Amino acid sequence: MLMFNRPNPNFTRRAFLKHSALGFGSLALAGLCAQAGTAVSPLSPRMPQFNGRAKRVIFLYMWGGPSQMDLFDPKPRLNQDHGKIGDERRKRAYKGSPFKFKKHGQSGVEISELLPHLSLHADDLCFIRSMQTDSANHSNASLCLHTGSANFVRPSVGSWVVYGLGSENESLPGFITIRPMRSLGSRLHSNAFLPTVCQGTPVGHDGIPAKKATIRYLSNAEQNFQQQRTQLELVQSLNHEFQARTAVNPEMEGLIESYELAFRMQAEAPRYFDLSNEPQSILKMYGADKEPTAEYARQCILARRFAEAGVRFIQINQSGWDHHGSIDTGLPQNCAQVDQPIAALLEDLKIRGLLEDTLVLFGGEFGRTATAEGEGDKAGRDHNADAFTIWMAGGGAKGGCMHGMTDDYGASAVQDRVHVHDLHATILHLLGLNHEKLTYRYAGRDFRLTDVYGNVVNEVLA
Amino acid sequence: MRILVASITAGLLLARGRAAESKDDGFFTKEVLPIFQRHCYECHSHASGKAKGGLVMDSRSGMVTGGDLGTALVPGDPEKSLIIQAVRYGNKDLQMPPKGKLEEKQIALLVEWIKNGAPAPDQSGTGPKHDLAAIKENAAKHWAFQPLLKPRVPAVKSDPTDDISRFVQAKLEQAGLEPVGSADRRVLARRLYFDLTGLPPKPEEVEAFVADHSARAVEKLVDKLLARPEFGERWGRFWLDVARYADSNGGGSESNNTHDEAWRYRDYVISAFNENKPFDRFVTEQIAGDLLEWVSEEQRREQLIATGFLLLGPKAFGTGDWELFRLDTVDEQLDTIGKTFLGLTIGCARCHDHKFDPIPARDYYKLAGVFSSTFSVEKSKGWRQGRTWSHVELPIDPELSKTLKAAYKERLEHVKEEKPKAERELEEARKRVNELKEKKADAKEIAEAETAVQAAQRKVEFADSYPKVLPIVDPVPMAMAVRDEEKPVDEFIRIRGVPKSKGEQVPRGVLSLFGTDLTVPGNVSGRLQLAQWLVDPDQGAGRLVARVMANRIWGHMIGRPIVESPDNFGLTGQKPSNPELLDYLAAQFVEEGWSIKRLVREIALSEVYQRASADHALARATDPDNVLLWRHQVRRLDAEAIRDALLAISQQLDRKRGGSTLQQQGLVSFKSDFVTLETPSPYYRRTVYLPMLRDAIGLNQYADEAMGMLETFDFADLNLVTGARNSTTVPTQALFLMNSTLMRDQARAFARKLLENTGAGSDAERIREMFYNAYARPATSEEVQRAINYLAGFTGSDAVRSDQDYRLESWTSLCQAVLGSNEFLFLN
C-alpha cells in the first residue's frame, strides 16, 4: 500500500468505479449471470481501461522450474568452468550445459537444440531472461507466480483478468485451468475474495488422462438431452409459479436464467472436448497422433479452442521440470513432450489470426542453479529464485526480443531484473489493465494483483 | 507512518534539519529541484501518487524520513545520504534513477546541496497530512467505538408487540412505509427450522405447528428448536466461518498437512453453541483457555481445545526465513482476531499506521508481542515432518494414558514387521504369474494372478508409508493448543513490516483505541489480559465485540446484517442501516449475559422476523432493496443447508455427531490418496462434519463433489474470515442441480422412499408427500396433476429396462426437478 497520508482519491475503488467501465465490483456479488433485467452480468465482456493488445491469455505453466541455462540462456563461461567449485558452502561444482544453442530467425535469439520446433518461431518469442521471484521452494514460488503472494491467500492472475475483462463467451467459464496439479492445490486458480464467477474452472486434474479430463457437472450419464429438456421445463414452470406467488427477487430470477445458461453450456461445452472434427493435418501438426506428444498436444488444442471461443484466461499445467537429478537425460524427455505441441499452438493461433491478440506465456515458478546436485549421469540442478527465463508470444509482446541478463553462470539476474510482480503488471498492461488501478475492496482494503509492487516492463512491448 | 518513523529516527537529525528547512538560497529551486522533478518524482512524490520503496522525495522531511532502507537524506553528510549512494550507482542493489545514471555534473550538484545542509523551502510535500491525531479525532466520533448504551425504544404510531420491531417500525414510519403482514404459518415453520437448525421440517412437524392455536405456539416451537443439538451444528458452522476453520493447513502445497485434531475444536464450538456458553466466556477461552482456572479435567480439556482457534490459520511453513515465517504467523493471528472479534483490519498496521482506523503500527506490535510470547509454531522440526504447530496432550486418567501409550508402542513394533511380510507376498504373487505364463494358462487365470500382484503391490506401498504416518497418530488424545513461551518478549516495531528493519521495542499490550492500556506482567504472554480486555464493555473492546456479534446474529436470522461489512466496523466499513437497533441488540446481548440463544430467540419472536416476504408495490418503489425491512428478506439457502436438506429429505443423512472424519493423516497435497476416502459414509454426514481440506484437488468422487458443491454455492473460503457469505448466481450451480451425482443420488433415494411407502395408496398421494417434504406445504391440485402428467409423459432411457426400473427412473427425474426448483432452494 502506498504510504500516503490519506487515500489518494485516484486509488479508491469508489472513485475508480465512477471513472471506468469496470463498474461492476460489488454488483457482481449479487451477480446474475444472465443479461436479464437491469442487472449486469459479471461475466459479460467489459471494456479494458485502455486499449490493450491482448484479449486473452494462454499460460503454459511448467511446474518444477525449467532449467534456463539448458533451454534459453546459454552461458559459455559456465561451460568453460564446468567442474570447478561454484558453490563453496555446499561444495557444489559448476555444471555446464551439454546442449547446443543456436541463433534463430532474423532476430537471432538463442534457443537450445532441445526445442527445435519452438525455434522455428524465434521471431515471435519474447524472452525475459532476468526473472526473479520470492521463494525457492515450489509451493511458495508457484503461489507467487500465480497470485503474486508467496504466503497469503490472494486471487489468481486468471481471476483478476476475468474480474477486469469479463468473458466473451457465456457458455464457458472465463478462466479455465486444464489439469491442475493435485499436489499444488486449488489456490493456484482460486478467486480468493473476488466474486465466485472469477474462479478458475478446472478441467480434470493431473491424475486423469487428458482425454478424460472435463469440466465438473458438465454431462449427465443418466438422462438424455430430451429428458433433460422436459425436466428443465418442469423446473421452470415450478419456478415461475413460485415467483408469481412470492415477491420479485433478482436472485431467483438469476437462478431461472442460469438454468437456461447451464443447459446451453452443457449442450455446447462438450463439443470443445471432442477433437474428432479436427482435421487430421491439425492433429498431426500438434503431434496428437503419436507419443510422446499426444497428451500435451490434446491440451494445446483444447487451449486453442477455448481461446477461439473467447475464454479469457486459459492455463495448461505441465509437471516434471524439477530436475534435481539426471537432467541431461530428463530434460530432453520433457522437451520432447511439449516442443512440437507448443510450436503448433503458436502456428495454429497465427493461421487463425488469433496470435495477434492472444498472449501466450511459457514459464515455471523459478529457475535452476548453475551448480550441480549429484554427479555424473545422475547430476541435476537445484532450485533457483534469483534467475529464470520465461517467454511470451503474441498479444503485443515484442517478438524476437531478449530482455534482461543473468551473470556469466546464469545463476543470478543482474541486468534489467524482472520480478514476478513486474511480469504481472506487464501481463495486465498488455490486456489493457492498469495494475495499480485494477483493485478490489475487501475487508476495508483495496487489493491488487501486484500488491504495492510492480512495474510494466516497457522494453518487452511490441 | 511518517510520524512514526520520524519519531524513531534520531531526533538529532530533525533538530538539525529544522533550522535549514525554511531557508532556501535559491540553489535548491534552481539546481536541485529540476533534477528531482525530472528523474525522481515519477516514482517518489505525492503528485505522481507513488512512493516506491516507501520513499517520497517532494519534501525535505520526506527524504529525511526515508523509506524502506531508512533515511535517504542526512543533511550535511552526502556520504551517509542514500540518495548520493544511489545516484552514484556504486551498489548494484541500489541504483537510482533506474533508467540510467545521472550526469556527473548533476551528481556533484546534489552532493554540494547536501553538504550545505540541504536547505529547501517548506513548500513541497503538500499532500494531505498523515495525521494520527486527525484519524483519532474522526475515530472519536465513529459510531462503532462509542460506549454501548441501550437506546430508548422509540415511540411509533402503529405499535408492534416487541421492542426490536419498534426500532424497525420507527425507520419505516420515517420513510412513510408500511410493513407487509405476517407470514403464513407453514412458511414461518420452514423458516424457523432452517434458520435455527439448518434442516427442513418434517411434514408432521409443520402440521403440528399449524394445528397449535395457542398464543405461545411460535414461542414453543422456537424453544424446542433452540434446544435441539442441530442448533449448534447450524450456528457453530457460522462461527467456524469466522474462525477460518479447516482440517488441513493449506499454506502452500508443501505444508498442507492435515490438522489432525482440529475436529476437537469444531466439536467444542458446536457444543458451546448448544450449551449456550456465554459469548464473553467463549471468546476468552479461545484466546486464553490454557491460562484459565479449571475445576475438572473435562473443563481443562475444553479450555485447551478452545485455543486451537489461534492455530487454525494457513501457516506458510515453506517460508525459508524463520523470522519472517514467525511474524507472518503472528500476523495471521492478529488479523483473524481483528476481523473475527473486533471487526477491525488490524493487519493493515503491520507495515504502517493504519490509514483509516486509529491503529498505529505501535499498537500492532504491542499485540504482536503477546503472540510472539505464545508458542504457536515449532522451529526445530523440518516442515515436511508433519505437524509442526503447537499441540498438547489432553489430561486424561493417568492409568488410561499409560495403557494407551503401551498399546501404541506395540502397534509401532508390529507395523515394522508388515513390510517384509508384504514383500514376501508380492514376490510369491509375481512368481505365480510367471509360472502361469510359462504354462500358457488361460487368460482369465493370468488376469486373476495379475490382480493379486497389484493387490500385493498396494500392500507393500501401504506398509512403506504406514510407519511414516503412524508416529503422528497419537497414542493419547491430543489437541491443537497453544501455551505461553517460557520467556515472554516484547516485540520490535518492524519498519514497513520488514522483519530485519527493527524500530523501537514496545511493551506488550492492546489497542490504544479505547484509551485504556493494560499492564502485562513480565512472566506471561498477556493473552489472558488481552481476552479480558476484549470482552470488557466499559474499559475495553467489549462494546465493539458485542456490536460485531449482535450484527452477525441479526444477519443470519434476517438475511441481511445491519452493518453490511460484518468483518469491518472501522472507518472504511459500511454504516449501520439502523444504528439504534444495532445498539439495542448489542446492549441487550451483554445485559442478558452474552447469551446467543436469548438474542436469537428475541429476534425469532419479533414481528419483523415473522413478516411475510410478500410484495408491496409502494414500499418496493421507495425501498427496492428492502433495507428498512418492510418485508422478510427472501434468500437462497446457503451451501450446507441445501446439501443437508437434500440428504435429510432423501433420508440418507447420517446424523452422527462429532468426531474426526479424516480417515488418513499427512500431507494432503503430496499424497492425496491419504485423504481419499473410499467409502461415501462421511459424505452423508452433515456438512459441518465433512473434512474441510484446504486447497485439495482430485479427492475421491464423494469428497470432490461435496467440496465442489460447497464452493459452487458460496461456502466460506477455508482460508479467510467470513462473517457473511456472498450469494452469487453462477451457471455451475444449475449444472450441479442438473448433473451432479450427489443430486441424482438424493433424488433417486427420495424417489425410492416414496415408491416404497406402501401406506400411500396412489401416485397422487406420493406426489403430495413429495411436495410436502420438499416445500413444507401441501401441493395444489394443479401441481399434482402436472406431476402425474410428467410421469406419464416420461420417456425412459434408450437401454431396455424393467418396468420397475422405468418407474424409479421417472420418479427420480420428477424428484430431481422438485429439489432443483427455487421453492426448495429459497427460504421465503
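In this text, all values refer to a predicted model and were calculated from it rather than measured experimentally.

Asker: Looking at this structure, I do not really get the overall build of chain B. What am I missing?
Answerer: When you go through chain B residue by residue, the secondary structure sums to 32 helices and 10 strands. Residues classed as buried in chain B amount to 60% of the 828 residues present. Across chain B, the fraction of contacts at a sequence separation of at least 24, relative to all contacts at a separation of at least 6, is 68%. Counting only carbon and sulfur atoms, one obtains 51% of the accessible surface of chain B, whose full area is about 33400 Å².

Asker: Would you take a moment to explain the overall build of chain A for this structure?
Answerer: Helix and strand counts for chain A come out as 12 helices and 19 strands. By the compact-globule yardstick of 23 Å for 462 residues, chain A fits well, its C-alpha radius of gyration being 23 Å. Expressed as lengths along the three principal axes of its C-alpha atoms, the size of chain A is roughly 85 × 60 × 40 Å. Here chain A, with 462 residues, has 65% of them falling under the buried criterion. Put simply, of all contacts in chain A between residues at least 6 apart along the chain, 76% involve residues at least 24 apart. Carbon and sulfur atoms make up 50% of the accessible area of chain A, which totals about 16500 Å². Where the 48 positive side-chain charges of chain A centre and where its 48 negative ones centre are 3 Å apart.

Asker: When you look at the confidence of the model for chain A in this model, what are you seeing that I'm missing?
Answerer: The predicted coordinates ought not to be read in detail in places where the model reports low pLDDT. Looking at chain A, the pLDDT average stands at 87 and 90% of residues meet or exceed 70. Within the model, pLDDT remains below 50 along residues 1–40 of chain A, and this stretch shows 105 contacts once partners closer than five positions in the same chain are excluded.

Asker: Help me understand the interface of chain A and chain B, please; the structure alone is not making it clear to me.
Answerer: Many structure descriptions define interface size as the accessible area lost when the parts assemble. At the interface, 84 residues of chain A touch 106 residues of chain B. Carbon and sulfur atoms supply 54% of the area buried between chain A and chain B, which totals about 7900 Å² over both sides. Along the contact surface separating chain A from chain B lie four salt bridges. Between Arg748(B) and Glu222(A) there is a salt bridge, with the nearest N and O atoms lying 2.3 Å from each other. Taken together, the links from chain A to chain B amount to 18 residue pairs in polar contact (both at pLDDT 80 or more). For the side of chain A that touches chain B, the elements supplying multiple residues, two or more each, are helix H5 (138–147), helix H7 (225–245), helix H8 (250–273) and strand S18 (440–442) of chain A. Partitioning the side of chain A that touches chain B into residue classes produces 38 nonpolar, 34 polar and 12 charged.

Asker: Explanation requested: helix H17 (residues 361–372) of chain B in the structure shown.
Answerer: The periodicity of an α-helix, 3.6 residues per turn, causes residues three or four places apart in sequence to face the same way. Residues and elements named next belong to chain B. Taking 1.5 Å of rise per residue, 12 residues should cover 16 Å, and H17 covers 16 Å from first to last C-alpha, within 8% of that figure. Counting buried positions along H17 gives 11 out of 12 residues, so the element sits mostly inside the fold. Inspection of H17 places Ala-361, Asp-363, Tyr-364, Tyr-365, Lys-366, Leu-367, Ala-368, Gly-369, Val-370, Phe-371 and Ser-372 among the buried residues, and these make up the whole buried set.

Asker: Explain the pairing of strand S10 (residues 358–363) of chain A to me, please; I cannot follow it from the model alone.
Answerer: Two faces, one strand: in a regular strand the side chains alternate between the faces of the sheet. Residues and elements named next belong to chain A. Of all six residues in S10, six are buried; the element is thus mostly enclosed. Bridging between strand S1 (residues 56–62) and S10 involves six bridges; their strand directions are parallel. Bridging from a neighbouring strand, Phe-59 pairs with Leu-361 of S10. Where S10 meets strand S13 (residues 388–393), three bridges bridge the pair, whose relative direction is antiparallel. Paired with Phe-362 across the strands is Trp-391, a residue of S13.

Asker: Before we go on, may I ask you to explain the nonpolar core in this structure?
Answerer: Side chains of a nonpolar character, in soluble globular proteins, are inclined to be buried together. One finds Leu60(A), Trp391(A), Trp239(B), Tyr265(B), Leu534(B) and Trp554(B) to be the most contacted residues of the largest nonpolar core, which totals 259 residues. For this core, the element with the most residues is helix H21 (residues 542–558) of chain B, which contributes 10 residues. Apart from residues lying up to four places away in sequence, Leu60(A) is in contact with Tyr296(A), Ile316(A), Ile342(A), Leu345(A), Val360(A), Leu361(A), Phe362(A), Gly363(A) and Trp391(A). Counting 57 residues, the second largest nonpolar core, distinct from the first, contains Cys126(A), Leu184(A), Tyr442(A) and Val457(A).

Asker: How should I be thinking about the packing of aromatic side chains in this particular structure?
Answerer: The relation between two aromatic rings is expressed through the spacing of the ring centres and the mutual angle of the planes. Applying the stated criterion across every chain yields a total of 43 aromatic pairs over all chains. Between Tyr94(A) and Tyr409(A) the ring centres are 4.0 Å apart and the planes differ by 0°, which places this aromatic pair in the stacked class. Here Tyr94(A) is found in the loop between strand S3 (92–93) and strand S4 (101–104), whereas its partner Tyr409(A) is found in the loop between strand S15 (405–406) and strand S16 (413–415), with 315 residues between them in sequence. The pair Tyr94(A) / Tyr409(A) is uniform in exposure class, with both members buried. Through a chain of ring-to-ring contacts, the aromatic side chains of Trp239(B), Tyr245(B), Tyr265(B), Tyr268(B), Phe273(B), Phe279(B), Phe282(B), Phe309(B), Phe341(B), Phe589(B) and Trp594(B) assemble into a single cluster.

Asker: Explain H8(A) here, please?
Answerer: Relative to the 34 Å expected for 24 residues at 1.5 Å per residue, H8(A) spans 33 Å between its end C-alpha atoms, a close match to the ideal helical length. By the largest-angle criterion, Gln266(A) marks the main kink of H8(A), which is about 30°, and a proline, Pro270(A), follows within four residues.

Asker: Would you mind going over the state of the cysteines with me for this structure?
Answerer: All names here are of chain A. By the definition in use, this model includes zero disulfides over all chains. Cys-401 supplies the cysteine sulfur nearest to Cys-126, a cysteine that is in no disulfide, at a spacing of 4.0 Å. With a relative accessible area of 0%, Cys-126 lands in the buried category. The closest cysteine sulfur to the non-disulfide-bonded Cys-335 is located on Cys-300, 14 Å from its own sulfur. Among the residues examined, Cys-335 registers a relative accessible area of 0% and is labelled buried.

Asker: Please clarify how the side chain of Arg244(B) should be interpreted in this entry.
Answerer: Residue and element names in this part refer to chain B. Tracing the backbone shows Arg-244 in the loop between helix H12 (229–242) and helix H13 (262–274). Exposure remark for Arg-244: the relative accessible area of 1% places this residue in the buried category. Setting aside anything within four residues of it in sequence, one finds Arg-244 in contact with Phe-309, Leu-310, Leu-312, Gly-313, Glu-332, Thr-336, Arg-694, Leu-718, Asn-719, Leu-720 and Val-721.

Asker: Explanation requested: the pattern of salt bridges in the structure shown.
Answerer: Between side chains of opposite charge, pairing is possible as soon as their charged atoms come close. Residues and elements named next belong to chain B. The tally for this structure, following the rule as stated, stands at 88 salt bridges over all chains. Put simply, Arg-166 and Asp-159 hold a salt bridge, and the shortest N to O gap is 2.7 Å. Among the residues examined, Arg-166 registers a relative accessible area of 17% and is labelled buried. The partner of Asp-328 in a salt bridge is Arg-350, with the nearest N and O atoms 2.8 Å apart.

Asker: Mind showing me how you'd approach the packing of helix H27 (residues 731–739) of chain B against helix H28 (residues 741–756) of chain B here?
Answerer: Any two packed helices are characterised by the angle at which their axes cross and by the distance between the axes. Residues and elements named next belong to chain B. Packing of H27 against H28 leaves a shortest axis separation of 6 Å and a crossing angle of 40°. Of the possible angle classes, the one that applies to H27 and H28 is oblique. As for the relative orientation of H27 and H28, their crossing is right-handed in sense. On H28, the residues touching Phe-736, Leu-737, Met-738 and Asn-739 of H27 are Thr-741, Leu-742, Met-743 and Arg-744. Tallied by class, the residues present in the contact of H27 with H28 amount to five nonpolar, two polar and one charged.

Criteria and thresholds
- Residues numbered from 1 in each chain as written.
- Chains lettered and ligands numbered in written order.
- Predicted model: local features only at pLDDT ≥ 70, side-chain atom pairs only at ≥ 80, totals over all residues.
- Heavy atoms only, no water.
- Helix = DSSP H or I, 4+ residues; strand = E, 2+ residues; numbered from the N terminus.
- Buried < 20%, exposed > 50% of the residue type's maximum accessible area, 1.4 Å probe, protein only.
- Contact = heavy atoms within 4.5 Å.
- Areas by Shrake-Rupley, 256 points an atom, 1.4 Å probe, with all protein chains shown as cover.
- Rg over C-alpha atoms; globule rule 2.2 N^0.38 Å.
- Lys, Arg positive; Asp, Glu negative; His and termini not counted.
- Charge placed at Lys NZ, Arg CZ, Asp CG, Glu CD.
- pLDDT = per-residue confidence, 0-100.
- Buried area = accessible area lost by both parts, 1.4 Å probe.
- Salt bridge = Lys/Arg side-chain N within 4 Å of Asp/Glu carboxyl O.
- Polar contact = N/O pair within 3.5 Å; in protein donor to acceptor, adjacent residues only side chain to side chain.
- Nonpolar A, V, L, I, M, F, W, Y, C, P; charged D, E, K, R; others polar.
- Expected span 1.5 Å × (residues − 1).
- Pairing = 2+ DSSP bridges.
- Core = buried A, V, L, I, M, F, W, Y, C linked by side-chain atoms within 4.5 Å.
- Phe/Tyr/Trp six-rings, centres within 6.5 Å; stacked < 30°, edge-to-face > 60°.
- Bend = angle between axes of the 7 residues up to and from the residue.
- Disulfide = S-S within 2.5 Å.
- Axes fitted to C-alpha atoms, helices over the stretch in contact; angles between N-to-C directions.
- Parallel < 35°, antiparallel > 145°, perpendicular 65-115°, else oblique.
- Left-handed = near helix turned anticlockwise from the far one by under 90°.

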